[in-house]
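Descriptive analysis of the structure
Spelled out from the first residue to the last, the chains are:
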Amino acid sequence: KQEVTQIPAALSVPEGENLVLNCSFTDSAIYNLQWFRQDPGKGLTSLLLIQSSQREQTSGRLNASLDKSSGRSTLYIAASQPGDSATYLCAVRWNSNSGYALNFGKGTSLLVT
Amino acid sequence: EPEVTQTPSHQVTQMGQEVILRCVPISNHLYFYWYRQILGQKVEFLVSFYNNEISEKSEIFDDQFSVERPDGSNFTLKIRSTKLEDSAMYFCASSERDSFFYEQYFGPGTRLTVT
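Criteria and thresholds
Here the residue index of a chain counts from 1 through its sequence in written order. Just so you know, chain letters begin at A and ligand numbers begin at 1, following the order they were written in. Given that the model is predicted, a residue must reach a pLDDT of at least 70 before its local features are reported, and side-chain atom pairs must reach 80 or more before they are shown or counted; all residues, however, enter totals for whole chains, interfaces and linings. In computing side-chain values, all of the structure's heavy atoms are included and hydrogens and water are not. In this description a helix means any DSSP run of H or I spanning at least four residues, a strand means any run of E spanning at least two, and both kinds are numbered starting from the N terminus. As a reference, a globule follows 2.2 Å times the number of residues to the power 0.38, and the radius of gyration itself is taken over C-alpha atoms. Buried, partly exposed and exposed residues are distinguished by accessible area as a fraction of the type maximum, computed with a 1.4 Å probe on protein chains only: under 20%, between the cut-offs, and over 50%, respectively. The contact criterion used is simple: two residues touch if any of their non-hydrogen atoms lie within 4.5 Å. Methods summary: accessible areas were calculated by the Shrake-Rupley approach with a probe of 1.4 Å, and residue burial reflects only the protein chains presented. By the counting rule applied here, Lys and Arg register as positive and Asp and Glu as negative, while His and the ends of each chain are not counted. One atom stands in for each charge, and that atom is NZ of Lys, CZ of Arg, CG of Asp or CD of Glu. Any carboxyl oxygen of Asp or Glu within 4 Å of a side-chain nitrogen of Lys or Arg constitutes a salt bridge here. Here's the idea: put two parts together, see how much 1.4 Å probe accessible area each one loses, and the total over both is what we call buried area. Nitrogen and oxygen atoms within 3.5 Å of one another constitute a polar contact, given that in protein one can donate a hydrogen and the other can accept it, and given that sequence-neighbouring residues count only through two side-chain atoms. Polarity classes work like this: nonpolar for Ala, Val, Leu, Ile, Met, Phe, Trp, Tyr, Cys and Pro, charged for Asp, Glu, Lys and Arg, and polar for all others, with Gly in that last group. A cavity here means a set of 1 Å grid points, computed over protein atoms only, where a 1.4 Å probe fits but cannot escape. A pocket is an open set with protein on both sides within 12 Å along at least 5 of 7 lines, and lining residues have an atom within 4 Å of a point. Grid points are joined across faces, edges and corners, and a volume is the space filled by probe spheres set on the points. Pairs of strands are assigned from DSSP output, requiring at least two bridges between the strands. Axes, fitted as lines to C-alpha atoms, cover a helix only where it is in contact. Angles between the N-to-C directions of the axes lie from 0 to 180 degrees.

**Regarding the overall build of chain A**
Along chain A, the regular secondary structure elements total 0 helices and 11 strands. Seen in sequence order, chain A has helices and strands lined up from the N terminus as β-β-β-β-β-β-β-β-β-β-β. Relative to the globule expectation of 13 Å for 113 residues, the C-alpha radius of gyration of chain A, 13 Å, shows essentially globular dimensions. Summarising its shape, the C-alpha atoms of chain A cover approximately 40 × 30 × 20 Å along the three principal directions. The burial tally for chain A puts 47% of its 113 residues in the buried class. Counting contacts in chain A only where the partners sit at least 6 residues apart, residues at least 24 apart contribute 56% of the total.

**Comments concerning the overall build of chain B**
A tally of helices and strands in chain B yields 0 helices and 11 strands. Against the 2.2 N^0.38 benchmark of 13 Å for 115 residues, chain B shows a C-alpha radius of gyration of 13 Å, consistent with a compact globule. Across its three principal axes, chain B shows a C-alpha extent of roughly 40 × 30 × 30 Å. In chain B, 55% of the contacts between residues at least 6 apart in sequence involve partners at least 24 apart. Accessible area for chain B stands at about 5,900 Å²; split by element, carbon and sulfur atoms hold 45% of it. In chain B, which carries 10 positive and 16 negative side-chain charges, the distance between the mean positions of the two groups comes to 4 Å.

**Considering the pattern of salt bridges**
Residues and elements named next belong to chain A. In the structure shown here, the tally under the stated rule is 4 salt bridges over all chains. Measuring nitrogen to oxygen at the nearest pair gives 3.0 Å for the salt bridge that ties Asp39 to Arg37. By relative accessible area, which is 25% here, Asp39 ends up partly exposed. Overall, the relative accessible area of 17% leaves Arg37 in the buried class.

**Description of the interface of chain A and chain B**
Each partner contributes residues to the interface: chain A has 24 residues there, and chain B has 22 residues. Buried surface at the junction of chain A and chain B, summed over both partners, amounts to about 1,900 Å²; 55% is from carbon and sulfur atoms. Taken together, the connections running from chain A to chain B amount to 1 salt bridge. A:Glu3 is paired through a salt bridge with B:Lys42; the nearest N and O atoms lie 3.8 Å apart. In this structure, the connection of chain A to chain B is made through 5 residue pairs in polar contact (both at pLDDT 80 or more). Within the residue set of the side of chain A that touches chain B, elements represented by two or more residues are β4 (30-38), β5 (44-51) and β9 (86-94) of chain A. At 5 residues, the largest contribution of residues to the side of chain A that touches chain B is made by β4(A). Of the residues assigned to the side of chain A that touches chain B, the class counts are 9 nonpolar, 11 polar and 4 charged.

**Looking at the side chain of A:Ser46**
Within the fold, A:Ser46 resides in strand β5. A polar contact is formed between the side chain of A:Ser46 and the side chain of B:Glu103, at a distance of 2.5 Å. Ignoring anything within four residues of it in the chain, the contact list for A:Ser46 reads A:Gln34, A:Trp35, A:Phe36, B:Glu103 and B:Gln104.

**Focus on the layout of surface pockets**
Looking at the largest pocket, its volume works out to about 520 Å³. Along the walls of the largest pocket sit 19 residues, with A:Gln2, A:Asn103, B:Lys42, B:Phe45 and B:Ser58 positioned nearest its centre. For the lining of the largest pocket, the secondary-structure elements that each account for two or more residues are β10 (103-104) of chain A together with β5 (44-50) and β6 (53-57) of chain B. The residue makeup of the lining of the largest pocket, split by class, is 8 nonpolar, 4 polar and 7 charged.

**Examining the sheet that holds strand β7 (residues 62-67) of chain A**
Sheets are built from strands paired through backbone hydrogen bonds, the pairs being either parallel or antiparallel. All names here are of chain A. Within the open sheet, the 5 strands sit side by side as β1-β3-β8-β7-β6. Their pairing is antiparallel. Every other strand in the sheet has two partners, leaving β1 (4-7) and β6 (56-59) as the edge strands with one partner each. On average, each strand axis in the sheet is inclined to that of its neighbour by 15 degrees, with strand direction left out of account. Here β6 pairs with β7 via 4 bridges, running antiparallel. Considered in β7, the bridge of Ser59 is made with Leu62.

Written out as structure tokens, the structure is:
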């Protein structure tokens, strides 16, 4: 069964710290992987899209890497700020089905104090 | 910046009633999606829609659900006879021409409460 797993489920860090959020997926045959941010009771904000042929993508203080062969992606947040507090979701689009659906992990809830 | 909008933001309905959730995708996007998130659970795919047809649907999207693009701007999700377990946040999303390789942009969601 195709699954997306995010560890840890929750993370608390002091302001200024660099941090890494992890995402793993069971099937390496992906089109792409997308990282989102979700604030409580709100919608999903797309952060980064990384295609299967890419190794990483960067946007400001965010850097997402992809290792397809090991089924892993990481989201690196540099110099964390209290405004970064949110739930971060990883979503995979597999090419073993028609490929339209994003398949989400449960997310990592981040608190920056 | 263009964004996906959804109405209403919150809908309360009684079990067995029909509800229609509305979405206005980003204007030049051609692929449309509905997802849902039951409280405390992960976001789940319901259906994708392109060229006035369903292109993919999940097991959740049974005969009680339907989607429609009634005009050039709106995209709707109808639940014919709501159940308690339909209570969730429903998200609409859209993406550009080549769906597989473009980002999906999500709306703010409609919180559906079935009583």
